[in-house]
Amino acid sequence: MDSPGVHIDFWEVRCYHARDGTNESMDERGSFMSKKALVTGGSHNIGQGIAVVLAEKGYDVAITYRSRADGAEETRKAVEALGRKCYVFQAELSQEDAPQRVVDQAYDALDGLDLTVCNAANPSGRGSILSATPEFINNLFALNFRNYLLTASASSRYMVRDGVPGVILFITSSRARRAYPDDYLYGGFKAGIERACESMAIDLCRYGIRVNCVAPGCIWMRDGGCPDPEEYPFLKNGIPLHRSGTAREVGEAVAYLASEEAGYITGISLRVDGGLILPGMREGKEPNALWYDSNWQDKVRAEAMEMLENHRKEMEK
Ligand SMILES: NC(=O)c1ccc[n+]([C@@H]2O[C@H](COP(=O)([O-])OP(=O)(O)OC[C@H]3O[C@@H](n4cnc5c(N)ncnc54)[C@H](OP(=O)(O)O)[C@@H]3O)[C@@H](O)[C@H]2O)c1
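Undergrad: I'd like a rundown of the overall build of the chain, residues and numbers included.
TA: When helices and strands are tallied, the chain shows eight helices and ten strands. Residue burial in the chain is summarised as follows: out of 317 residues, 38% are buried. The contacts of the chain with a sequence gap of at least 6 include a subset with a gap of at least 24, amounting to 69%.

Encoded structure:
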């Protein structure tokens, strides 16, 4: 027998969510499709990419920015060119009351909230533990940790109140899982968010709300924050897929996790890093493994051809 409120057959899952004490189906297909999204830090790089991809998928969006009004305007124009609405709010999200205010503004402007993407963070924040100061730690804590939690908290309250089986997504980092020197704070907070996400996923699933993370690796940034690998071969050669990612690719991962196709996924972190953190210690006498080699595609192909030829000969014996 099915669990209460959930009907499952082989091809289809229908979820019934209690609204005002009644069991009400979401729609004919049990759709999880969300159409009103808040993206914090939508004025630049990854946040801009997320907002534009969501607009392409049919979302109206509200974005926040801190200082780059021109960047926010650029996002607004790109979203509106796709026929979707875009509301823009200025916020210093390290302030204690800002996350609630921004969620209220987005909810009012969009007339609801189905998806919140907590993206605005300071991508730097590195330094030796030997030189840690309360100020350094508090600043990063306020923006990269507290802001994420308060934004998620305010969003989920609206979703629960409205009976909306919404989605909350945190943009973390592959640094949440892989340790680097001088990264106890930025990487540590990203790891903390991923762990907090797992508990929130448990807490909120009873309301049909899913909570997940998207963890980018090295994503190309226009202002060179994460450099173009064409100019930095050491970087290019260190990533198994041999290139940086793009803001669009992070946006596509966000859109997937927000979609009904991901309706059975909660409490995970989806890495978008081209395999960046997979390699362990380099092995062998060769200076580097294949993915560190600048002619890797030719070499990989030549090796594959040789393997296929050996296999063919073996089979003919
Ligand atoms: N880029 C990467 O390779 C990479 C890799 C892993 C993880 N990430 C994560 O991805 C997310 C976005 O990174 P990004 O590289 O796109 O960063 P970014 O280019 O620096 O953009 C950050 C966004 O957040 C806003 N913001 C920054 N500080 C803020 C504050 N104090 N209050 C309110 N808003 C603030 C910025 O607004 P203004 O521009 O208007 O000031 C901007 O819209 C972050 O969570 C970062 O940790 C990035």
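Undergrad: If you had to explain the pairing of strand β8 (residues 167–171) to someone new, which residues and values would you point to?
TA: Counted residue by residue, β8 has five buried out of five residues, so it is predominantly covered. Neither face of β8 is exposed, since Val167, Leu169 and Ile171 on one face and Ile168 and Phe170 on the opposite face are all buried. In this fold, the crossover linking strand β7 (residues 115–118) to β8 by way of helix α4 (residues 134–162) has right-handed handedness. Crossover β8 to strand β9 (residues 210–216) through helix α5 (residues 186–204) is right-handed.

Undergrad: Hey, could you go over the site of the ligand for me, with residue numbers and the actual values?
TA: Every one of the 29 residues lining the ligand counts as a neighbour, but Gly41, Asn45, Ile46, Arg68 and Ala121 are closest to it. It is helix α1 (residues 45–56) that provides the largest number of residues to the shell around the ligand, a total of three residues. Its residues assigned to classes, the shell around the ligand comprises 14 nonpolar, twelve polar and three charged.

Undergrad: Give me the lowdown on the confidence of the model for the chain, citing residues and values where you can.
TA: When pLDDT is averaged along the chain, the result is 86, and 80% of the positions lie at 70 or above. Segment residues 14–34 is flagged for pLDDT under 50; beyond a separation of four residues in sequence, or across chains, it makes 38 contacts in the model.

Undergrad: Account for the sheet that holds strand β6 (residues 86–90), with residues named and values stated.
TA: In a beta sheet, neighbouring strands pair by backbone hydrogen bonds and run either parallel or antiparallel. Here seven strands make up an open sheet; going across it, the order is β6-β5-β4-β7-β8-β9-β10 and the pairing parallel. A single partner strand is all that each edge strand has here, and the edge strands are β6 and β10 (269–272). Sheet twist, expressed as the average angle between the axes of neighbouring strands with direction ignored, equals 15 degrees. As defined by bridge partners, strand β4 (residues 36–39) adjoins strand β5 (residues 60–65) across four bridges and the pair is classed as parallel. Pairing of Leu38 across the sheet is with Ala62, part of β5.

Undergrad: A description of the nonpolar core should follow, citing residues and the corresponding values.
TA: Ranked by internal contacts, the top residues of the largest apolar core, which has 70 residues, are Val61, Val117, Leu169, Val214 and Val254. Discounting chain neighbours no more than four positions away, the residues touching Leu169 are Val117, Cys118, Asn212, Cys213, Val214, Val254, Leu257 and Ala258.

Undergrad: So what about unusual backbone geometry? Which residues, and what values?
TA: Residues other than glycine seldom take positive phi values, yet Asn45 does so here, at roughly 30 degrees. Considering the arrangement of structural elements, one finds Asn45 in helix α1. Even without glycine at this site, Asp111 takes up a positive phi of about 60 degrees. Assignment of secondary structure puts Asp111 in the loop between α3 (98–110) and β7.

Conventions adopted
Residues numbered from 1 in each chain as written. Predicted model: local features only at pLDDT ≥ 70, side-chain atom pairs only at ≥ 80, totals over all residues. Helix = DSSP H or I, 4+ residues; strand = E, 2+ residues; numbered from the N terminus. Buried ≥ 20, exposed ≤ 12 C-beta atoms within 10 Å, placed from the backbone. Contact = placed C-beta atoms within 7 Å. Right-handed = clockwise from strand over helix to strand, strands pointing away. Near = placed C-beta within 6 Å. Nonpolar A, V, L, I, M, F, W, Y, C, P; charged D, E, K, R; others polar. pLDDT = per-residue confidence, 0-100. Pairing = 2+ DSSP bridges. Axes fitted to C-alpha atoms, helices over the stretch in contact; angles between N-to-C directions. Core = buried A, V, L, I, M, F, W, Y, C linked by C-beta atoms within 7 Å.

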